[in-house]
Every structure is written in structure tokens, then in C-alpha cells.
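Spelled out from the first residue to the last, the chains are:
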Amino acid sequence: MPLAVVQSDAPTTHHIGQLTIGQSDIELGFQVSVCRTGRVGEPMSVQDRTWAGLMRRIGLVHLRIWQWEVLADRVDLLLSELVTNGFQHGQGETVDVRLWRTGGHVGIEVASGGGPQVPCPRVPGLFDESGRGLGLVAAVADAWGIADGGRIWCLVARGEST
């Protein structure tokens, strides 16, 4: 089955909808489940704060292997935002991160379920120090959405210039 993004009736109008991909169309970069060291709902532990940087470095390695370095800045930002959001706002004991590609897209998925809460973009105040993560994802990704009780996915198109 080819890559398809389908608009759905979702809890928020800020996302594109469900992502449907044939498994034979995906080349997996990495998939990892990270156990949080801090408690759910508390500020991130020092160790948990390091995971976003590690996921960015692993993502960059895969982009280099695929010779898709032109996407590095966008993928770097998306991994950072989604992994950090998973630790800050997720309700599960683990944060699951997956990076993959198809013929024309890099896909990122982050899940940290365990609760009924569905991620929703906020409109932060001018001086707020947080609340911009999903807005950045929406601005940087070519498509994104929320599925399966809080799994956030996004796509970055390879484009014609690579």
C-alpha cells in the first residue's frame, strides 16, 4: 500500500489526520523504546533531557547513510521537539521513537502513551517559555498527525533538489 495521508474527524483540527503506509514501502532507520528515569508529570530528569540530543544524532547518521543530509535541519528540529514532548507530556513509562523512510519521505513517530490525553497544539502567550512544540512541528513538517491514542507522526518530503 502506498503512502497516504487521510483527513479525519479528529480531536483537534490542527493536524492532517491518519497516516497509512504499506509496510513493504518503509525502510526502517531506527526504532527504540526509552524508559524514562523521572516520574510521569514531574520535570524531566537530567538523564531524560539527554534523549532528544541522542535521537538527533542517530537520525543524522541515518540521513547520511541514505544520502538525504539536505533534510538534516528539519529532521533534527522535529526529532528534538517530539522526543522532548514525549518526555514532558507523555503519560507512559517509555517513550517510543521511530525514524523511517519511503522513496520520497522521512517519517518520524513518537509515542509515550499510557493515558487518554491526546496532544493538542497550544497558542502560547508572547512571553510563555513553552507551548510552541506542536506549532513548530506543523510549520516544519510537510504533514503530521496524531494517531493511536497520542502517537505523533510527521513526514518530511525529500524534494526534487536531492
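All values derive from a computational prediction rather than experimental measurement.

What counts and what doesn't
- Counting starts from 1 at the beginning of each chain's written sequence and moves along it residue by residue.
- Since the coordinates come from a predicted model, pLDDT governs what is reported: local features require at least 70, and pairs of side-chain atoms require 80 or more to be given and counted, while whole-chain, interface and lining totals use all residues.
- With hydrogens and water stripped out, all remaining heavy atoms of the structure feed into the side-chain values.
- Two strands are said to pair when DSSP picks up at least two bridges between them.
- Numbering of helices and strands runs from the N terminus; a helix is a DSSP stretch of H or I covering at least four residues, while a strand is a stretch of E covering at least two.
- The axes are straight lines fitted to the C-alpha atoms, using for helices just the contacting stretch, and the angles between their N-to-C directions are given from 0 to 180°.
- In this analysis, two residues are considered to be in contact whenever any of their non-hydrogen atoms come within 4.5 Å of each other.
- For a helix, the expected span equals 1.5 Å multiplied by the number of residues minus one.
- Only protein chains enter the calculation, and the probe is 1.4 Å; a residue is then buried if its accessible area is under 20% of its type maximum, exposed if over 50%, and partly exposed in between.
- The pairing test for Phe, Tyr and Trp rings, Trp by its six-membered ring, is centres within 6.5 Å, and the orientation test on the planes gives stacked under 30 degrees, edge-to-face over 60, and tilted for anything in between.
- Definition used: whenever NZ (Lys) or CZ (Arg) falls within 6 Å of the ring centre and also within 35 degrees of the ring normal, the charge is taken to sit over that ring.

**Quick look at the sheet that holds strand β6 (residues 143-147)**
Inference 1: An order of β3-β4-β5-β7-β6 is seen for the five strands of this open sheet, with the pairing classed as antiparallel. Where the open sheet ends on each side, the last strands, each with one partner, are β3 (27-35) and β6. Between one strand axis and the next, the sheet turns through 10 degrees on average, direction left out of account.
Inference 2: Contacts between helix α2 (residues 51-66) and the sheet are confined to β3, β4 (94-101) and β5 (105-111), with β3 contributing the most and set at about 170 degrees to the helix.

**Let's talk about helix α3 (residues 72-89)**
Inference 1: With 18 residues, α3 should reach 26 Å at 1.5 Å per residue; the first-to-last C-alpha distance of 25 Å fits that figure.
Inference 2: Of the positions making up α3, those classed as buried are A72, V75, L78, L79, S80, E81, L82, V83, N85, G86 and F87.

**Quick look at the packing of aromatic side chains**
Inference 1: Tallying each qualifying case throughout the model produces one aromatic pair.
Inference 2: Judged by centre distance (6.3 Å) and plane angle (65 degrees), the ring pair of W66 and W68 falls under edge-to-face.
Inference 3: Assessed through its relative accessible area of 2%, W68 is described here as buried.
Inference 4: One residue, R101, lies across the ring of W68, its end atom 5.1 Å from the ring centre.

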